[in-house]
Structures are given as C-alpha cells and as structure tokens.
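What follows is the residue order along each chain.
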Amino acid sequence: MSRKTRSAATRRKFLRGAAVATAATVAAPTIVSAQGPISMRWQSTWPSKDIFHEYALDYAKKVNDMTGGDLKIEVLPAGAVVPAFGLLEAVSKGTLDGGHGVLVYHYGKQTALALWGSGPGYAMDANMLLAWHKYGGGKELLVKLYDSIGAQVVSFLYGPMPTQPLGWFKKPMAKLDDFKGLKFRTVGISIDVFQALGAAVNALPGGEIVAAMDRGLLDAAEFNNATSDRVLGFADVSKVCMLQSFHQNAEQFEIMFNKAKYDALPDKIKSIIAHATDAASADMSWKAIDRYSKDYEELQAKDKVKFYKTPDAVLKRQLEVYDEVVKKKAAENALFKEILESQIAFARRTTQWEQDTVVNRRMAYEHYFGPNGVAKKT
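The shown structure was predicted, so the numbers you read here are calculated from the model rather than taken from an experiment. Residue numbers here run from 1 along each chain, matching the order of that chain's written sequence. pLDDT decides what is reported in this predicted model: residues at 70 or higher carry local features, side-chain atom pairs at 80 or more are listed and counted, and totals for whole chains, interfaces and linings draw on all residues regardless. As a rule here, side-chain values cover all heavy atoms of the structure and leave hydrogens and water aside.

Caption draft 1: Layout of the environment of Pro 371. Mapped onto the elements, Pro 371 comes out in the segment after α14 (362–369). Not counting the four nearest positions on each side in its chain, Pro 371 is found in contact with Glu 366 and Lys 376. Secondary structure elements are defined from DSSP: runs of H or I of at least 4 residues count as helices, runs of E of at least 2 residues count as strands, and each element is numbered from the N terminus. Every residue pair with non-hydrogen atoms within 4.5 Å of one another is taken to be in contact.

Here's what the structure looks like:
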C-alpha cells in the first residue's frame, strides 16, 4: 500500500471514529431528557413558619439549583404526611423520599441517637461535634447505629446550632428546687436529665409546644432559638426566658434520604448532595447569627421578654446528672457506650486545643460594648 493510500485510509478511520463519538455526544442528553428529572417528596419536622423549615427549603433549593433541575426536591412542613416524630419510619419505609430534622427526634427508636446533640458535648460546641462526626468516627458510628435498628436511610448531618436556652418559664429559675413538680417540655436525653432535676417531662414536637403551654398542659418549655421561639409564639405565653444551658449545647440538623432512592441516584448527583450539605451548613450558620440576633432584640424591645442567665448551680447540676444518666445507658447499650467513648476521646484532644488557642472574647465585648465601651451606642 502506498503512502498516499495509507494516509487516505487513516483519514477515513479517524472520521468514522469522530462520527461515532459525535453521535454518542448528541445522543446522551436525549436519553437523560427522555428520562426526565428525578423528583423527591420530603417532609421537615418543623411548622412552615419556623426558620428551621426555611433551612430545609434552603437546602432543597441548593440541590435543585446545583443539579440543574435533574433532581427536584419538594419539602413539605411537619404533619403534611406524617407527624414530626414519625419522620424516620416514613423515610425508611419509602412513604417519603427524604426529610429534614434532628437525630434526637428518633430517641424512641434508639436512645444513642440523642448523643448527636442532647447534652453538653463534653465541652465541644456544635461545630466541633460536627467535626467529630465527619472526621472523628461519628459518621461511621451513625451508619452502624441505623443498621442496628433496620433503618433504611442515608443520613447527612449539617448546620451547627448555637447553645439553646434553658427555656421559657412563668418566673425566673433561681434555684434547683424550682424544677420540682414543673411540667416541662424537652426531648432526648434531656428528658432523663430534667426528670432527675424533679420536673414532670413531656416530649412534644416544636409546633405543639406553645398551644400546650397556653392550655396549662405545660408550665415551661425549651425549644431552640430566638427566631424559632418568636415566630412560634412563645412570647405570647411567657415573658421569662432563661439563657445558657448544657441540655442541648451542641446539636445539628439531619438531612435524610430513603436508602433505595438514594442508592439509585447517579454518582454525580450523590456528589452534589454531599457538597450542597456542606454549603448549606455554612449558609445556615451565617443566617442564624443574623436572624437570631435580630429576633433577640425584638423579643426584648417589642415583646417585652425578660432574659436571665441560668444560675451556675443549675448548670453544674446538669453536668452531674448527665454523667449519671449516660453512665447508666452505656451499661445497658453497647453502641451507646461505643459512641460515648468516641466522643470523649475526640473532645479531650480538640477542647484542649480550643481552650489553649482561642481567646475569650468577653474582654473584647466589654471593651467595645460594655458600660464604658468605646463603640457603645449613645
């Protein structure tokens, strides 16, 4: 074969290959388009007016936008399909494709689930607890925990929450004895802690608390933050809020998918879901700082709420009681013990680093905004 003939044959072979490649490139979008977008119906565990439901909508929008509409998540508010405390079972069974909530709401399924947020976090804040979850073994332990109860879900944790108030009361809580006989709302391990303090505890979803206080079924209650508490109407039934507590010092949100539905997703969409979770975590943290601080001011200025610091004696007793409660549960539940030990090991190292490294900002606050602060409003 001459050089000219070989050259012509090579060109024909290249052109045939290019034609096949072009056809494949053109055909691929047609196949995707024919399949249409993947739709998911979710439910949050929050009333539609709560900022927590807004966070759920924010997350869904990030995923919907980042996938270019290939995945479309619709988020319904609590009670639209199942009660708030029924989310895990509904997602596991496929009644819902996914949901937005908190692990502590599944406390009745496995008490160890409350360790992601219900307690003092061994001096870690919520962001540090998330660091333990992502890099310290928590993520793997949660998979093991869900497997142990047969939950067919895939879970992503995000959104570190600031320390939650002790709660809303008829009068300031001045001493430990004030808890005796108090009809109080809380969830998770905090149920055991407040019962040990003498309270009569009732676990209710966020959307049911204010109505229960209004009817006298509760004397006091805790939920989460200034914005949620304000829009849910806590200031209509109480004018006293106690700030600072160890009962839920380090909590975060949970994004949950039905496992079969998630496993069937293309790898590209799975990757987007993971990265969208991290993006939403940061965005939620920043939005919380802005909104919670505004509503903290509004509760005082417009709603005439008085805020008080929880007495140190109560805080100290919370820690002591928590230690007693988890020691008992760890003796009864091997997984509970394993998770507890993992958290403590991570906290021992990271809180030492934090305490030695991070300056206490109280001095700076007093310098700028204290009684003689250089930036104080006149």
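Caption draft 2: Highlighting the environment of Lys 309. Positionally, Lys 309 belongs in strand β11 (residues 306–309). It is 23 Å that separates the C-alpha atoms of Lys 309 and Val 358, two residues lying 49 residues apart in sequence. If we skip the residues at most four places from it in the chain, Lys 309 touches Met 242, Leu 243, Gln 244 and Leu 315. One polar contact links Lys 309 to Asp 312, side chain to side chain, over a distance of 2.7 Å. Whenever two N or O atoms come within 3.5 Å, that pair is a polar contact, provided that in protein one can donate a hydrogen and the other can accept it, and provided that, for residues adjacent in sequence, both atoms are side-chain atoms.

Caption draft 3: Here's a closer look at the pairing of strand β3 (residues 98–101). Both faces of β3 are covered, namely the face carrying Gly 98 and His 100 and the face carrying Gly 99 and Gly 101. Where strand β1 (residues 38–44) meets β3, three bridges bridge the pair, whose relative direction is parallel. Bridging from a neighbouring strand, Trp 42 pairs with Gly 98 of β3. When DSSP finds two or more bridges between a pair of strands, those strands are recorded as paired. Pairing of β3 with strand β10 (residues 252–258) involves four bridges; the strand directions are antiparallel. In the strand pairing of β10, Gly 101 is matched with Glu 254. Relative accessibility under 20% of the residue-type maximum defines a buried residue, over 50% an exposed one, and the middle range a partly exposed one, all with a 1.4 Å probe and only protein chains included.

Caption draft 4: Examining the nonpolar core more closely. Ranked by size, the top nonpolar core spans 107 residues in total, and within it Tyr 59, Ile 189, Phe 257 and Ile 273 carry the most contacts. Ranked by residues supplied to this core, first place goes to helix α11 (residues 267–301) with eight residues. The contacts of Ile 273, once residues within four sequence positions are left out, are Tyr 59, Val 63, Leu 71, Phe 156, Phe 257, Tyr 262 and Leu 265. By nonpolar core is meant a set of buried Ala, Val, Leu, Ile, Met, Phe, Trp, Tyr and Cys residues that side-chain atoms within 4.5 Å join together.

Caption draft 5: Expanded view of helix α2 (residues 51–66). One less than the number of residues in a helix, times 1.5 Å, gives the span that helix is expected to have. End to end, α2 covers 22 Å across 16 residues, agreeing with the expected 22 Å (1.5 Å per residue, within 8%). Every buried residue of α2 is listed here: Ile 51, Phe 52, His 53, Tyr 55, Ala 56, Tyr 59, Ala 60, Val 63 and Asn 64. Downstream of α2 by a residue or two, Gly 68 has a phi angle that is positive, lying close to 65°.

Caption draft 6: Molecular detail of the pattern of salt bridges. Any Lys or Arg side-chain nitrogen located within 4 Å of an Asp or Glu carboxyl oxygen qualifies as a salt bridge. Tallied over the entire structure, the rule returns 26 salt bridges. For Lys 329, the salt bridge identified is with Asp 192, shortest N-O distance 3.6 Å. With Lys 329 in helix α12 (residues 312–332) and Asp 192 in helix α6 (residues 189–196), this pair connects stretches of sequence that are 137 residues apart. Classification of Lys 329 as buried rests on a relative accessible area of 13%. For Arg 230, the salt bridge goes to Glu 298, with nearest N and O atoms at 4.0 Å. Placement of Arg 230 in helix α8 (residues 226–232) and of Glu 298 in helix α11 is noted, with a sequence separation of 68 residues between them. For Arg 230, a relative accessible area of 25% puts it in the partly exposed group.

Caption draft 7: Seen up close, the packing of aromatic side chains. Here the aromatic set is Phe, Tyr and Trp, taking the six-membered ring for Trp, and pairing holds for ring centres within 6.5 Å; pairs whose planes are under 30 degrees apart are stacked, those over 60 apart are edge-to-face, and all others are tilted. Inspection of the entire model under this criterion finds 27 aromatic pairs. When the centroid spacing of 6.2 Å and the interplanar angle of 85° are considered together, the rings of Trp 46 and Phe 253 count as edge-to-face. Of this pair, Trp 46 sits in the loop between β1 and α2 while Phe 253 is found in strand β10, placing the two residues 207 residues apart along the sequence. Ring geometry for Tyr 59 versus Tyr 158: centroids 6.1 Å apart, planes at 40°, classification tilted. With Tyr 59 in helix α2 and Tyr 158 in strand β4 (residues 153–160), this pair connects stretches of sequence that are 99 residues apart. For Tyr 158, a relative accessible area of 1% corresponds to the buried category.

Caption draft 8: Seen up close, the sheet that holds β3. Ordered by their spatial adjacency, five strands build an open sheet running β2-β1-β3-β10-β4, and the pairing between neighbours is mixed. Among the strands making up the open sheet, the edge pair consists of β2 (71–76) and β4. Ignoring which end each strand starts from, the neighbouring axes of this sheet average 20° apart. Sheet strands touched by α2: β1, β2, β3, β4 and β10. Its angle to β2, the strand with the most contacts, is close to 170°. Fitted lines through C-alpha atoms serve as axes, helices being fitted only where they are in contact, and the angles separating the N-to-C directions of these axes extend from 0 to 180 degrees. Where helix α5 (residues 138–148) meets the sheet, its contacts fall on β4 and β10, and the angle it forms with β4 comes to roughly 135°.

Caption draft 9: Inspection of the side chain of Thr 186 at higher detail. Topologically, Thr 186 is positioned in the loop between β6 (183–185) and α6. Polar contacts involving the side chain of Thr 186 include one to the side chain of Glu 222, which spans 2.8 Å. Not counting residues within four places of it along the chain, the set of residues in contact with Thr 186 comprises Ile 191, Phe 194, Val 201, Asn 202, Ala 203, Leu 204, Glu 222 and His 247.

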